[in-house]
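As a plain string of letters, each chain reads:
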Amino acid sequence: MKVLVINCGSSSLKYQMLDMTIESLLAKGIVERIGMTGSMLTHEKVGVEEKFVVKEEMNDHKDAIAKVIDALVDPSHGVVKNMSCIGAVGHRVVHAGEKYSGSVIIDKDVIEALEECIDLAPLHNPPNLLGIAACQELMPGTPQVAVFDTAFHQTMPPESYTYAIPYEYYEKYGIRRYGFHGTSHKYVADRAAYMLGASIDDLKIITCHLGNGASVSAIKRGKCIDTSMGFTPLAGLAMGTRSGSVDPAIIQFIAEKEDRSIDDVLNILNKESGMLGISGVSSDFRDLEAALNEGNERAALALKVFAHRVRYYIGAYMLEMNGLDALVFTAGVGENDINMRDVICNELGNVGIKLDPVKNRVRGREAIISRDDSKVSILMIPTNEELVIARDTYALSNKKIGLNRGK
Ligand code: AMP
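Residues numbered from 1 in each chain as written. Predicted model: local features only at pLDDT ≥ 70, side-chain atom pairs only at ≥ 80, totals over all residues. Heavy atoms only, no water.

(A) How the structure looks around the environment of K62. Within the secondary structure layout, K62 lies in helix α1 (residues 61-73). Its relative accessible area of 34% is what places K62 among the partly exposed residues. Taking C-alpha positions, K62 is 9.8 Å from Q136, a pair spaced 74 residues apart along the chain. Ignoring anything within four residues of it in the chain, the contact list for K62 reads A134, E137 and L138. (Helix = DSSP H or I, 4+ residues; strand = E, 2+ residues; numbered from the N terminus. Buried < 20%, exposed > 50% of the residue type's maximum accessible area, 1.4 Å probe, protein only. Contact = heavy atoms within 4.5 Å.)

(B) Region of interest: a nonpolar patch on the surface. Where nonpolar side chains cluster on the molecular surface, the patch consists of I165, Y169 and Y173 and spans about 290 Å² of accessible area. Relative to the assigned elements, Y173 resides in helix α5 (residues 167-173). (Patch = residues over 30% accessible without salt bridge, like charges linked within 9 Å, V, L, I, M, F, W, Y side chains within 5 Å. Areas by Shrake-Rupley, 256 points an atom, 1.4 Å probe, with all protein chains shown as cover. Salt bridge = Lys/Arg side-chain N within 4 Å of Asp/Glu carboxyl O.)

(C) Highlighting helix α2 (residues 108-116). Buried within α2 are the following residues: V110, I111, A113 and L114. Looking straight down α2, one finds its buried side chains confined to an arc of 160 degrees; they lie on one side. Facing away from the buried surface of α2 by more than 90 degrees, the exposed residues are K108, D109 and E116. Packed against the buried residues of α2 are β6 (86-93), β7 (104-105), α3 (125-138) and β8 (144-148). (Arc of directions from axis to C-beta.)

(D) Spotlight on the state of the cysteines. For the structure shown, the criterion picks out zero disulfides. Among the cysteines around C135, which has no disulfide bond, C8 carries the closest sulfur, lying 7.1 Å off. (Disulfide = S-S within 2.5 Å.)

(E) Looking closely at the packing of aromatic side chains. Enumeration according to the criterion identifies eight aromatic pairs in this entry. Relative to Y170, the ring of Y161 has its centre 6.1 Å away and its plane inclined at 50 degrees; by these criteria the two rings are tilted. Ring centres 5.7 Å apart and planes at 55 degrees place the aromatic pair Y313 and Y317 in the tilted group. Here Y313 pairs with Y317, and both are found in helix α11 (residues 297-321), just four residues apart, close to one helical turn. (Phe/Tyr/Trp six-rings, centres within 6.5 Å; stacked < 30°, edge-to-face > 60°.)

(F) Region of interest: the layout of surface pockets. Roughly 320 Å³ of internal volume is contained in the second largest pocket. Around the second largest pocket sit 14 residues that line it, and D284, F285, R286, G332 and V333 are the ones nearest its centre. (1 Å grid on protein atoms, 1.4 Å probe; cavity = no way out; pocket = protein on both sides within 12 Å on 5 of 7 lines; lining within 4 Å. Points joined across faces, edges and corners; volume = space filled by probe spheres on them.)

(G) Highlighting the pairing of strand β10 (residues 214-220). Across the seven residues of β10, six count as buried, placing the element largely inside the fold. Hairpin remark: strand β9 (residues 204-210) followed by β10, antiparallel, with three residues in the connecting loop. Examined bridge by bridge, β10 and strand β11 (residues 223-227) share four bridges and lie antiparallel to one another. Residue pairing across strands places S217 opposite T227, the latter belonging to β11. The hairpin formed by β10 and β11 contains two residues between the paired strands, and R221 there has a positive phi angle of roughly 50 degrees. (Pairing = 2+ DSSP bridges.)

(H) Local environment of the nonpolar core. By size, the foremost hydrophobic cluster in this structure holds 47 residues, and its most contacted members are I206, C208, L210, F306, I314, L327 and I353. Secondary structure elements with two or more residues in this core: β9, β10, α10 (285-293), α11, β12 (326-330), α13 (338-344) and β14 (377-380). Per-element accounting of this core gives the leading share, 11 residues, to α11. Contacts of L327, omitting those with residues within four sequence positions, involve I206, C208, I314, C345, I353, V376, S377, I378 and L379. (Core = buried A, V, L, I, M, F, W, Y, C linked by side-chain atoms within 4.5 Å.)

This is the structure:
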């Protein structure tokens, strides 16, 4: 079965087409500037070097998905004969609140539940819903599956997810820690168990998803028991442009001193803080390391703050799990930034974490990067959220097709 994976942002859309009978990628692409001037689709077919680019106005997500389908069935750039060859569509959906702890076939009830979560993810759920509506319209009858960023974290116990604020706010508004990047944390934890030749049920794992957005999770016997992001993806680690957790009183203080609204300050904490805010240079770790090498002290400080926060969570989660078997690095920074992995693991030998500086010189492929005498295995694992989405979509839509046949 061919599965189309869709990840919709407000003005962009990423997609992948996979053949799930052999789990292989057939094509992938991105549509940018949806609903703006200069809309553009860039499509890459596996095995073909030259990219297929379409520059045409795309007024909304339906226009964009129609162009994606055109590219996928195009006689020279496409990978399927026609639309009916697309067996199912998997959608990345950011927030499912407390409603779903796993992926689901999309029906009217699911759409309603996601609409109810718009308050919790005002930037993410609306475009996710637009993508689903567009696919339903353009591919009626094709099973659609929602895979949620929050689902994997639903196993957290109440003491991890409850904020110490009046309990009624949890009851009335669902204010609690949800956690994000769940698909990635789950994927790399499963791969780590596989690479170590162990059952995930016997392992205590800390997964560090360090990208532009970043989070750390504690995974005990395959279940998430704590994670650093919170009610929104603003919490936890310092990130590319996000502050991570700060003393909440800072918000009012800045608002008053700078004569700004609460909205303005939240925007500053989301878009002008983190590595960019501290360094004044960039949110990109490559730029920060280049600046560091030129002696830029604030870039050096930003990188130190980042590592400090990651180590802080690693320490906390080791105690929470009463030990650690595997420490996993993934996402843009975790996969590529050899120096940052080295700084994070520096002088942790006393707690059993010993990075091998030679094995650590790796990018782009799975590797065990700890020393042979390290009690904790350290792994670098490129994440693959699309594959998880495609797997869940394949499994659920096969089940649905089976059930329909049985009727
Ligand atoms: P992601 O959000 O997972 O796509 O990660 C994107 C981030 O990864 C970029 O903003 C960079 O900061 C970081 N990154 C990508 N490549 C490298 C690299 N070679 N060295 C250091 N950081 C990198």
